[in-house]
Amino acid sequence: MNHFGYRGGWLFAEDVALSAIAREVGTPFYCYSTATMTRHFTVFRDAFGINDALICFAVKANPNLAVLRVLGDCGAGADVVSQGEMIRALTAGIPANRIVFSGVGKSRQEMEAALNAGIYQFNVESEAELEALSQVAVSMNLVAPVALRINPDVDAGTHKNISTGKAENKFGIAWARAEPTFALAATLPGINVKGIDVHIGSQITDLTPFEMAFSKVADLVRDLREKGHTIERLDLGGGLGIPYAADEKAPPLPDAYAKMIRRLTDGLNVRLVFEPGRMITGNAGVLVTQVLYTKQAESKTFAIVDAAMNDLMRPALYDAWHEILPLKEAGPGISRTAIDVVGPVCESTDVFATDRPLPPLEEGDALAFLSAGAYGAAQASEYNSRPLVPEVMVDGDRFAVIRSRPSYEEMMAREALPSWLRPKLTVAGGTDSENGGAA
Ligand code: LLP
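1. Observations concerning the overall build of the protein chain
At step 1: Helices and strands together make up the secondary structure of the protein chain, namely 12 helices and 21 strands.
At step 2: Since a compact globule built from 439 residues should have a radius of gyration of about 22 Å, the 23 Å found for the protein chain is in line with a globular shape.
At step 3: A principal-axis box enclosing the C-alpha atoms of the protein chain has dimensions of 70 × 60 × 40 Å.
At step 4: By the burial criterion, 53% of the 439 residues in the protein chain qualify as buried.
At step 5: For the protein chain, the proportion of contacts with a sequence separation of at least 24, taken over those separated by at least 6, is 70%.

2. Some points on the pattern of salt bridges
At step 1: What the rule picks out here adds up to 18 salt bridges.
At step 2: Salt bridges sharing partners connect three or more residues here, namely Lys300, Asp340 and Asp355.

3. Observations concerning the packing of aromatic side chains
At step 1: Scanning the entire structure with this criterion turns up 11 aromatic pairs.
At step 2: Ring plane angle 80 degrees and centroid distance 5.6 Å describe the contact between Phe44 and Phe274, whose orientation is recorded as edge-to-face. Of the two residues, Phe44 sits in helix α2 (residues 34-47) while Phe274 sits in strand β13 (residues 271-274), which places them 230 residues apart along the sequence. Like Phe44, the residue Phe274 is buried in the burial classification.
At step 3: Taking the centre distance of 5.7 Å and the plane angle of 35 degrees together, the rings of Phe210 and Phe214 count as tilted. Residue Phe210 and its partner Phe214 are located together in helix α8 (residues 207-226), separated by 4 residues, close to a single helical turn. The same class applies to Phe210 as to Phe214, namely buried.

4. Some words on the site of the ligand
At step 1: As a structural note, the neighbourhood of the ligand is formed by 18 residues, with Ser202, Glu275, Arg314, Tyr318 and Tyr375 the closest of them.
At step 2: Tyr375 is positioned with one of its side-chain polar atoms (N or O) 2.6 Å from an oxygen atom of the ligand.
At step 3: Out of a free accessible area of 580 Å², the ligand has 92% covered by protein chains.
At step 4: Considered class by class, the residues forming the shell around the ligand number 5 nonpolar, 7 polar and 6 charged.
At step 5: Taken domain by domain, the makeup of the shell around the ligand includes at least three residues from each of domain 1 (1-34 + 282-439) and domain 2 (35-281).

About the thresholds
Residues numbered from 1 in each chain as written. Predicted model: local features only at pLDDT ≥ 70, side-chain atom pairs only at ≥ 80, totals over all residues. Heavy atoms only, no water. Helix = DSSP H or I, 4+ residues; strand = E, 2+ residues; numbered from the N terminus. Rg over C-alpha atoms; globule rule 2.2 N^0.38 Å. Buried < 20%, exposed > 50% of the residue type's maximum accessible area, 1.4 Å probe, protein only. Contact = heavy atoms within 4.5 Å. Salt bridge = Lys/Arg side-chain N within 4 Å of Asp/Glu carboxyl O. Phe/Tyr/Trp six-rings, centres within 6.5 Å; stacked < 30°, edge-to-face > 60°. Near = heavy atom within 4 Å. Polar contact = N/O pair within 3.5 Å; in protein donor to acceptor, adjacent residues only side chain to side chain. Areas by Shrake-Rupley, 256 points an atom, 1.4 Å probe, with all protein chains shown as cover. Nonpolar A, V, L, I, M, F, W, Y, C, P; charged D, E, K, R; others polar. Domains from an automatic or database assignment.

Following this line, the structure appears as structure tokens:
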């Protein structure tokens, strides 16, 4: 469920018409619904009910400080994969004791910063990383709280570019190396092993792969305890999928996911940790764009919009399907034709939708790409020197820009000429006000 819908013929985010935001901010822009992300977080949290699960939002899905503040205020922790994400979580007010640090390649500097901050847990993915973390901790007279990420060799049944739990993936410690790595950890002075971590992939729409992975991990908890290891936490990662299309099979609800986990972990007496990302913010965000031109090719109709693959990478990277809705509702009598919705970037993969049944489109018509609140703005770039898309947050009947569109002056100011090239630069060819999108 989300808080985007038509009212009086116009698409709203909560109580704000997206067209009103478009007039003020210009297109393209991302827009997030506070009520939707809050609801998704609380539904996930409440599904686990009585126990004291720690729910760490996967910051990579949406690192905006305002988003992190909203979720932190609901009690969320943060799953971070870089010092930058950790700084974001702390800056947004998420306490260090609710932060877990994941990722296959933490640098020693990142380890030091996280130890200084006093985070809840490092999710360690190799023996080499374990030894490095121990050395860094010892040099600081500290002991690092650790969960070892194990690769359960389970097929998540999702797109190959977002699968992480197969033996051939770079993630986690190989299943056969799990016990030797726990044994190694027990000998390292800077390491205090707290538990096991597992994450098998993203946009998983069936409980079976989760169940296969989690039951292997539950067995591992018992085996390791028999060998004398203390396992007090189980971090089960993220990955629960969301609906992108109304007519697809609905992914399992958090309740069913939680029930399966309770069944598998009953009696294990562990604190559960989760790292959901997409599930919390995916359907809480849209990308609003407008049609620049339409073009009739020999066998196709193109709508060229002012958003592009640099703003929303998912279709180009994962063949992702995003619902497209016109901001002005098409009446029931309006016929639809197959349209390719494409961006202006000079790449053949800059295609948002192929042969999508849409009402007739004209220059200036605004459209929303739905389910863009996770891995949308987060993965945007300035490719083709296109300014990063601004982000807007709605809460009831109010909205605010939570990341502004950079000016061209700001974009140029990050670069410099070496001294031998007449180093003074003057920004030419356009003013800030011309960079406000098509307001
Ligand atoms: N924990 C770890 C260690 C992860 O690597 C990820 C996602 C998550 C948690 C959160 O997974 P989620 O609950 O969001 O599925 N850019 C891709 C998705 C990449 C996911 C990377 N890791 C996309 O747009 O589909």
